[in-house]
Amino acid sequence: MYSFSYFASMTRSLNHSVFTRCYFLILFSFCIVSADAQIRNAPLTKIDAEKAYQNYQQYCALCHGKEREGNAADFAPSLRSNSLMSTMPLNFLASSIGFGRPNTAMAAYLSDSGGPLTMKDIFTLAIWLKHESGAQTISLPLKPIDGDPVTGSSVYQQNCTECHGEKAEGITAPALANPAFLAFATDEYIKYAIVNGRDDTEMSPFKETLSDRQINDLTAYIRSLTSGWSPEPKELSPYPKPGEYVTNPNGKHPDFKLIKNRYVPMAQVAQAIKEGKRMVLLDTRTTSEWHNAHIPGAIPIPYYITEDKVDEGLPNDETWIIAYCACPHAASDKIINMLRKKGFKNTAVIDEGFFNWINAGHPIIGGKPE
Ligand code: HEC
Ligand code: HEC
């Protein structure tokens, strides 16, 4: 409305025929732009946009990059590629943030799942991401794609395993077999990504190298990996209190040998736990992940905690403080850097990270006390 009357008053002084032409031209382009903007982006106020930007920098930039370019840590995907942002519906985008992708470094951020953000924060963030990307929404058909999953499996083995893994579990690229991904990704969404790739990322378009038939078979194969998923309401357990932070308060200090003055091999930590050594374990992942499972005795100090709160209740003496994340380093490094800046001496990061800790069979527990 503002720009409308502004243009009208601006053109009033012009001669009539120019005025009429200008007026219609401006009105016409204004209508196109606003109609397009409405389709492309749900409304976003300046305050909401500012809040979303801050939330993005605090919670997401660590892995997805300050400019949403992806790959800052953990092979997190780009959140600004036209291919992704034009085809990922808002509810899919918001649920990826709210519920995460279980068993990947992408955690659940929704407060109901034990994360730090409200539903409104998450939707605002999702709308802001779309808005910032400038991508135009493409409405893809919902109809399933007809293809042969068996042929698709061999096309997959020949072309995709190097990045997505033999079982589509994800290596340097997203886990295509992830149940939360497949619960939302339609066949056409998957096909579009294969055909067009994701601009400015390692995912190149396959439309030149594979036939339409092969891509349909691939899509059918990926679809066949669906195992069923829906977000479950979670019972959240209370966080440990400062008096409970030290594991084995009466034990001896462990004798850790660090790599590059920072990283401790997980075998040394597992051994120290077994021997009842005194230490503090920090789970630096999103709090929802701590609720899912953590190393026994670990306390949640997520990577997005502010510097003034990071050391609340932590002993600043000889006690070893060991951080871990899934990344395996990015989130932990951030917390350990803050602590070292504050003068904490015996600090380290578990080198291999939490997923390798689980795979090696070391102990974990759920958030609820057993
Ligand atoms: C610790 C690293 C990390 C942080 C922090 C993180 N992500 Fe992710 N994110 C990932 C990874 C890794 C994936 C890919 C997971 C997979 O294998 O499917 C991902 C996937 C996604 C996806 C799906 C994209 C796609 O191509 O399918 C979205 C959307 C997303 N993240 C948004 C966010 C937002 C918004 C935040 C902040 C609230 C955030 N992420 C924080 C690591 C992270
Ligand atoms: C060189 C590595 C590489 C190869 C090979 C590769 N991809 Fe990807 N793929 C990626 C990366 C990286 C992404 C995430 C890009 C981003 O958004 O940042 C991706 C994204 C995707 C997505 C979108 C996932 C999502 O969460 O939206 C699909 C679907 C996909 N790839 C399918 C395939 C298939 C099928 C093949 C084999 C024909 C293949 N890719 C081969 C690296 C690769």
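Trainee: An account of the site of ligand 1 is needed here, citing residue identities and associated values.
Mentor: Near ligand 1 there are 22 residues, and of these Cys60, Cys63, His64, Met106 and Ala175 occur at the shortest range. With respect to ligand 1, the side chain of His64 contributes an N or O atom lying 2.7 Å from a nitrogen atom. Residue Ala175 places a main-chain N or O atom 2.9 Å away from an oxygen atom belonging to ligand 1. Those elements that place two or more of their residues in the shell around ligand 1 are α3 (46-64) and α5 (90-99). If one sorts the elements of the shell around ligand 1 by residue count, α3 sits on top with four residues. For the shell around ligand 1, a count of residues per class yields 17 nonpolar, three polar and two charged.

Trainee: For the coordination of the iron atom of ligand 1, give the residues involved together with the corresponding values.
Mentor: Within the first shell, the iron atom of ligand 1 binds the protein through His64 (NE2) and Met106 (SD), at distances of 2.0 to 2.2 Å. In this structure, the iron atom of ligand 1 is coordinated by six donor atoms arranged in octahedral fashion, with angles at the metal of 86 to 179°. You can see His64 sitting in helix α3 and its partner Met106 sitting in the loop between α5 and α6 (119-133), a full 42 residues away along the chain. Using a relative accessible area of 24% as the deciding quantity, one classes Met106 as partly exposed.

Trainee: Requested: an account of the sheet that holds strand β3 (residues 299-300), with residues and values cited.
Mentor: Taking strand neighbours across the sheet as the criterion, the five strands line up as β1-β5-β4-β2-β3 in an open arrangement whose pairing is parallel. Each edge of the open sheet carries a strand with a single partner, namely β1 (263-264) and β3. Sheet topology note: the strand β2 (residues 279-283)/strand β4 (residues 320-324) ladder contains five bridges and is parallel. Residue Leu281 lies in a different strand from β4, and its bridge partner there is Ile322. Each of β1, β2, β4 and β5 (347-350) touches helix α12 (residues 266-274); the most contacted strand, β2, lies at about 125° to it. Together, β1, β2, β4 and β5 form the strand contacts of helix α14 (residues 330-341), whose direction differs from that of β5 by roughly 175°.

Trainee: Before we move on, can you summarise empty space enclosed by the protein with the specific residues and values?
Mentor: Per the counting criterion, the structure on display carries two cavities of 30 Å³ or more. The volume enclosed by the second largest cavity comes to roughly 30 Å³. The set of elements that each furnish at least two residues to the lining of the second largest cavity consists of α5 and α9 (179-184). With three residues, the top contributor of residues to the lining of the second largest cavity is α5. Looking at side-chain class alone, the lining of the second largest cavity contains four nonpolar, three polar and one charged residues.

Trainee: An account of α5 is requested, with residue identities and associated values reported.
Mentor: Among the ten residues in α5, seven count as buried, and that is most of the element. The set of residues buried in α5 consists of Phe92, Leu93, Ala94, Ser95, Ser96, Ile97 and Gly98. Looking at the buried positions of α5, the neighbouring elements they touch are α4 (82-87), α6, α9 and α10 (187-196). Taken from the residues just after α5, Gly100 is the one with a positive phi, measuring 70°.

Trainee: With reference to specific residues and values, describe the site of ligand 2.
Mentor: Every one of the 24 residues lining ligand 2 counts as a neighbour, but Cys160, Cys163, His164, Tyr189 and Met203 are closest to it. The separation between a nitrogen atom of ligand 2 and a polar side-chain atom of His164 is 2.8 Å. Separating an oxygen atom of ligand 2 from a side-chain N or O atom of Tyr189 is a distance of 2.6 Å. Listing elements by their share of the shell around ligand 2, those giving two or more residues are α8 (161-164), α10 and α11 (212-224). Per-element accounting of the shell around ligand 2 gives the leading share, four residues, to α10. Taken together, the residues of the shell around ligand 2 sort by class into 16 nonpolar, five polar and three charged.

Trainee: Give a detailed account of the pattern of salt bridges, specifying residues and quantitative values.
Mentor: Oppositely charged side chains may form a pair once their charged atoms are brought near each other. Taken as a whole and assessed by the stated rule, the structure comprises ten salt bridges. Between Glu275 and Lys277 there is a salt bridge, with the nearest N and O atoms lying 3.0 Å from each other. Look at Glu275 and you get partly exposed, because its relative accessible area is 44%. The closest approach of N and O atoms between Lys342 and Asp311, which form a salt bridge, is 3.2 Å. Separated by 31 residues along the polypeptide, Lys342 in the loop between α14 and β5 and Asp311 in the loop between β3 and β4 bring together distant segments of the chain. Under the relative-accessibility criterion, Lys342 is labelled partly exposed at 32%.

Trainee: Explain the confidence of the model for the chain to me, and be specific about the residues and the numbers.
Mentor: Any segment with low pLDDT has predicted coordinates that should not be analysed in fine detail. Looking at the chain as a whole, the pLDDT averages 89, with 88% of positions reaching at least 70. Taken as a whole, residues 1-40 scores under 50 in pLDDT and shows 19 contacts with residues more than four places along the chain or in a different chain.

Trainee: Tell me what's going on with α12, and back it up with residues and numbers.
Mentor: All buried positions along α12 are accounted for by Met266, Val269, Ala270, Ala272 and Ile273. What you see down the axis of α12 is that its buried residues fit within an arc of 160°, all on one side. Facing away from the buried side of α12 by over 90 degrees, the exposed positions are Ala267 and Lys274. Contacts from the buried residues of α12 go to β1, β2, β4, β5 and α15 (354-359). Immediately downstream of α12, the backbone of Gly276 shows phi near 70°, a positive value.

About the criteria used
- Residues numbered from 1 in each chain as written.
- Chains lettered and ligands numbered in written order.
- Predicted model: local features only at pLDDT ≥ 70, side-chain atom pairs only at ≥ 80, totals over all residues.
- Heavy atoms only, no water.
- Near = heavy atom within 4 Å.
- Polar contact = N/O pair within 3.5 Å; in protein donor to acceptor, adjacent residues only side chain to side chain.
- Helix = DSSP H or I, 4+ residues; strand = E, 2+ residues; numbered from the N terminus.
- Nonpolar A, V, L, I, M, F, W, Y, C, P; charged D, E, K, R; others polar.
- Donors = N, O, S within 2.8 Å, 3.2 Å for Na, K, Ca; no water.
- Tetrahedral: all angles 85-135°; square planar, octahedral: opposite > 155°, others 65-115°.
- Buried < 20%, exposed > 50% of the residue type's maximum accessible area, 1.4 Å probe, protein only.
- Pairing = 2+ DSSP bridges.
- Contact = heavy atoms within 4.5 Å.
- Axes fitted to C-alpha atoms, helices over the stretch in contact; angles between N-to-C directions.
- 1 Å grid on protein atoms, 1.4 Å probe; cavity = no way out; pocket = protein on both sides within 12 Å on 5 of 7 lines; lining within 4 Å.
- Points joined across faces, edges and corners; volume = space filled by probe spheres on them.
- Salt bridge = Lys/Arg side-chain N within 4 Å of Asp/Glu carboxyl O.
- pLDDT = per-residue confidence, 0-100.
- Arc of directions from axis to C-beta.

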